[in-house]
Amino acid sequence: YNTITGQWTHINGHGGSRIAAQPKPGGGYYIWSDLEGYTGMERWDSTTQLWTTYSFGVGQPASLQGLDSVDDAGNVWMTRWLSNQGDEILDCIRPNGTWVSPPLPPRHPQVPYGYVRAFGNMQAFLVTGYAQLYRFDGASWTDLGPEPYSGWTQKIDFDAAGNIWMCGVGTGGVFRRDAET
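Here goes a summary of the coordinates provided. Please read these numbers as outputs of a predicted model, since none were measured by experiment. (Residues numbered from 1 in each chain as written. Predicted model: local features only at pLDDT ≥ 70, side-chain atom pairs only at ≥ 80, totals over all residues. Heavy atoms only, no water.)

### Points about the overall build of the chain
Step number 1: Regarding its fold elements, the chain presents zero helices and 15 strands.
Step number 2: Counting only contacts in the chain whose residues sit at least 6 apart along the sequence, the fraction spanning at least 24 positions is 33%.
Step number 3: A total of about 9500 Å² of accessible surface is found on the chain, and carbon and sulfur atoms cover 53% of it. (Helix = DSSP H or I, 4+ residues; strand = E, 2+ residues; numbered from the N terminus. Contact = heavy atoms within 4.5 Å. Areas by Shrake-Rupley, 256 points an atom, 1.4 Å probe, with all protein chains shown as cover.)

### Focus on the sheet that holds strand β4 (residues 50-54)
Step number 1: Taking strand neighbours across the sheet as the criterion, the four strands line up as β1-β2-β3-β4 in an open arrangement whose pairing is antiparallel. Each edge of the open sheet is held by one strand with a lone partner, namely β1 (18-23) and β4. Pairs of neighbouring strands in the sheet enclose a mean axial angle of 20°, with direction left out of account. (Pairing = 2+ DSSP bridges. Axes fitted to C-alpha atoms, helices over the stretch in contact; angles between N-to-C directions.)

### Some remarks on the sheet that holds strand β11 (residues 132-136)
Two pairing modes exist for strands in a sheet, parallel and antiparallel, and in both the strands are linked by backbone hydrogen bonds.
Step number 1: Spatial ordering of the open sheet is given by β9-β10-β11-β12, a layout of four strands whose pairing is antiparallel. Edge strands, defined here as strands with exactly one partner in the open sheet, are β9 (113-119) and β12 (141-146). Between one strand axis and the next, the sheet turns by 20° as a mean value, whatever way the strands run.

### Topic: the pairing of β12
The two faces of a sheet get side chains in turn, since along a regular strand they alternate between them.
Step number 1: Sheet topology note: the β11/β12 ladder contains five bridges and is antiparallel. Counted as the bridge partner of Arg135 is Thr142 from β12.
Step number 2: Once β11 ends, the chain turns through four residues before running back antiparallel as β12, passing Gly138 with a positive phi of about 105°.

### Quick notes on the packing of aromatic side chains
Step number 1: All chains considered together, the criterion is met by nine aromatic pairs.
Step number 2: For the pair Trp32 and Tyr54, a centre-to-centre distance of 5.5 Å together with 25° between the ring planes defines the contact as stacked. You can see Trp32 sitting in strand β2 (residues 29-34) and its partner Tyr54 sitting in strand β4, a full 22 residues away along the chain. Taken as a pair, Trp32 and Tyr54 share a single burial class, namely buried. (Phe/Tyr/Trp six-rings, centres within 6.5 Å; stacked < 30°, edge-to-face > 60°. Buried < 20%, exposed > 50% of the residue type's maximum accessible area, 1.4 Å probe, protein only.)

### Structural notes on the pattern of salt bridges
Step number 1: The full count for this structure, using the stated rule, is three salt bridges.
Step number 2: Between Arg18 and Asp34 there is a salt bridge; the shortest N-O distance is 3.5 Å. You can see Arg18 sitting in strand β1 and its partner Asp34 sitting in strand β2, a full 16 residues away along the chain.
Step number 3: Residue class for Arg18 comes out partly exposed when judged on its relative accessible area of 23%.
Step number 4: The buried category is assigned to Asp34, whose relative accessible area is 1%.
Step number 5: Residues Arg80 and Asp91 are paired through a salt bridge, measuring 2.9 Å at the closest nitrogen-oxygen approach. (Salt bridge = Lys/Arg side-chain N within 4 Å of Asp/Glu carboxyl O.)

This is how it looks when you write it as structure tokens:
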């Protein structure tokens, strides 16, 4: 969407259920698109106006874990294929294309990550497939306890006081986790 002209642009019919805009070094941007399932991901380049498809394969991008998966430094948090059996691992790709592998939070090997909310530089909130909330501070994960409901998280945000706000499908509303508790 061009805010100056008020016009939308359609990009060749590609795209999936989740997208992430990542700045490119030297200007421009990438649009990452999650195709879901075992079909992989795609990335559109604003400079070349072309899509690159990343098919299912070990080490390839697998899935975005939320609509807020790009942190303030332009790093995109996503999963990559860990094996040819469909196992995924949480990872991060910098704007220059290098992968950064943060230490992994505790996770059951058969349950995917539920939601990631990236912010700052290499910081994130994570909800696991078992509804456990974690915070990554750039060096390590802190267990913040279970989600306050049994729904599916669709949004995590935080305010200046450090309170965490969550909502999603089946939640019946918005929940707040106080910074002091």
